[in-house]
Amino acid sequence: SVITEVNKELRDAVQRNHTSTHLLHKALKQVLGDHVEQAGSFVSPDRLRFDFNHFQAMTRDEKRQVEDIVNTAILAAYDVSIFETNIDKAKELGATALFGEKYGEIVRVVKVGDFSTELCGGCHISNSAKVGMFKIISEGGVAAGVRRIEAATGFNAWHLVEKMDDTLIEVSNLMKTNPDQLLEKVTELAETN
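So, how was this worked out
Residues numbered from 1 in each chain as written. Predicted model: local features only at pLDDT ≥ 70, side-chain atom pairs only at ≥ 80, totals over all residues. Heavy atoms only, no water. Helix = DSSP H or I, 4+ residues; strand = E, 2+ residues; numbered from the N terminus. Buried < 20%, exposed > 50% of the residue type's maximum accessible area, 1.4 Å probe, protein only. Areas by Shrake-Rupley, 256 points an atom, 1.4 Å probe, with all protein chains shown as cover. 1 Å grid on protein atoms, 1.4 Å probe; cavity = no way out; pocket = protein on both sides within 12 Å on 5 of 7 lines; lining within 4 Å. Points joined across faces, edges and corners; volume = space filled by probe spheres on them. Nonpolar A, V, L, I, M, F, W, Y, C, P; charged D, E, K, R; others polar. Salt bridge = Lys/Arg side-chain N within 4 Å of Asp/Glu carboxyl O. Patch = residues over 30% accessible without salt bridge, like charges linked within 9 Å, V, L, I, M, F, W, Y side chains within 5 Å. Lys, Arg positive; Asp, Glu negative; His and termini not counted. Charge placed at Lys NZ, Arg CZ, Asp CG, Glu CD. Phe/Tyr/Trp six-rings, centres within 6.5 Å; stacked < 30°, edge-to-face > 60°. Lys NZ or Arg CZ within 6 Å of the ring centre and 35° of its normal. Core = buried A, V, L, I, M, F, W, Y, C linked by side-chain atoms within 4.5 Å. Contact = heavy atoms within 4.5 Å. Axes fitted to C-alpha atoms, helices over the stretch in contact; angles between N-to-C directions. Parallel < 35°, antiparallel > 145°, perpendicular 65-115°, else oblique. Left-handed = near helix turned anticlockwise from the far one by under 90°.

(A) Structural context of the overall build of the protein. What the protein contains, in helices and strands, is five helices and seven strands. For the C-alpha atoms alone, the extent of the protein along its principal axes is close to 70 × 45 × 30 Å. Expressed as a percentage of the 193 residues in the protein, the buried residues total 38%. Here the protein displays about 11700 Å² of accessible surface, and carbon together with sulfur accounts for 52% of that area.

This is the structure we're talking about:
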């Protein structure tokens, strides 16, 4: 006989990241426009990668808006419902489908509250609040007209923020100032040199 064992911690982390790709997709459409379509994605326990159609680099403000929308959806604690229905009913519900994918008559729908509805066959968390937090790690081009976002969720996002905080404190100490006055101090130094 064969016994399989699922590492719950790793599975939960993958599910957080997978559901977050749905939240991210919707947020990108809201911030950048309806032309945004998923062009690929990858989820692992430590991060998510999301490729999408867009023709220019995102601004810092656009990235911040996307993070705010995703984290607001997380804090809204939307229930995640997964169900099968026919393709016409899914379209009526406004489900987002992947361009170029072939779907049968019966499809699997993943609905995150009233925020996001997509066709998807993967594993997800049961409530958006279980994501914890969402933080973009990077955004860049991977091909003509295709951008890539890498992001972290849950404790991985928290550890990323901790690392940024440590760096801010270390640089502030080197500059013999506190974090609130660091920008002013560095600006003075740049002007002096």
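(B) The arrangement of the layout of surface pockets in detail. Approximately 170 Å³ is the volume found for the largest pocket. Lining the largest pocket we find Arg60, Lys63, Arg64, Glu67, Lys135, Ile136, Ile137, Ser138, Glu139 and Met164. For the lining of the largest pocket, the secondary structure elements donating two or more residues are α2 (60-75) and β6 (134-143). Of all the elements, β6 adds the most residues to the lining of the largest pocket, at five residues. For the lining of the largest pocket, a count of residues per class yields three nonpolar, one polar and six charged.

(C) Here's a closer look at the pattern of salt bridges. One pass over the structure, following the stated rule, counts nine salt bridges. With a closest N to O distance of 2.8 Å, Lys8 and Asp12 form a salt bridge. Of the two residues, Lys8 and Asp12 both sit in helix α1 (residues 8-32), four residues apart, roughly one turn of that helix. Among the residues examined, Lys8 registers a relative accessible area of 58% and is labelled exposed. In this structure, Asp46 engages Arg47 in a salt bridge whose closest nitrogen and oxygen atoms are separated by 4.0 Å.

(D) Just a negative patch on the surface, in detail. A surface patch of negative charge is lined by Glu162, Asp165, Asp166 and Glu170. By secondary structure assignment, the location of Glu162 is in helix α4 (residues 154-174).

(E) Region of the structure containing the packing of aromatic side chains. Under the counting rule described, the total for this entry stands at two aromatic pairs. Both rings, one in Phe50 and one in Phe52, keep their centres 6.3 Å apart while their planes meet at 25°; by these two values the pair is stacked. With relative accessibility at 0%, the residue Phe50 sits in the buried group. Centroid distance Tyr78 to Phe115: 6.1 Å. Interplanar angle 20°. Geometry classified as stacked. In this pair, Tyr78 is assigned in the loop between α2 and β3 (80-86) and Phe115 in the loop between β4 (106-112) and β5 (116-119), connecting sequence segments 37 residues apart. On the basis of relative accessibility, which here comes to 26%, the residue Tyr78 falls in the partly exposed class. According to the relative accessible area criterion, Phe115 is buried, its value standing at 11%. Seen from the ring of Phe115, Lys26 lies directly overhead, with NZ or CZ sitting 5.6 Å from the centre.

(F) Layout of the nonpolar core. The biggest cluster of nonpolar side chains holds 26 residues, and the ones touching the most others in it are Leu24, Leu28, Phe52, Val66, Phe134 and Ile149. For this core, the secondary-structure elements that each account for two or more residues are α1, β2 (48-53), α2, β4, β6 and β7 (146-153). Setting aside residues up to four positions removed in sequence, Val66 forms contacts with Leu24, Ala27, Leu28, Val31, Met58 and Ile136.

(G) A look at the packing of α1 against α2. Contact geometry for α1 and α2: axes closest at 9 Å, N-to-C directions at 135°. Compared by their axis directions, α1 and α2 come out oblique. Note that α1 runs across α2; the crossing there is right-handed. Contacts between α1 and α2 involve Leu23, Leu24, Ala27, Leu28, Gln30, Val31 and Leu32 on the former and, on the latter, Glu62, Gln65, Val66, Ile69, Val70, Ala73 and Ile74.

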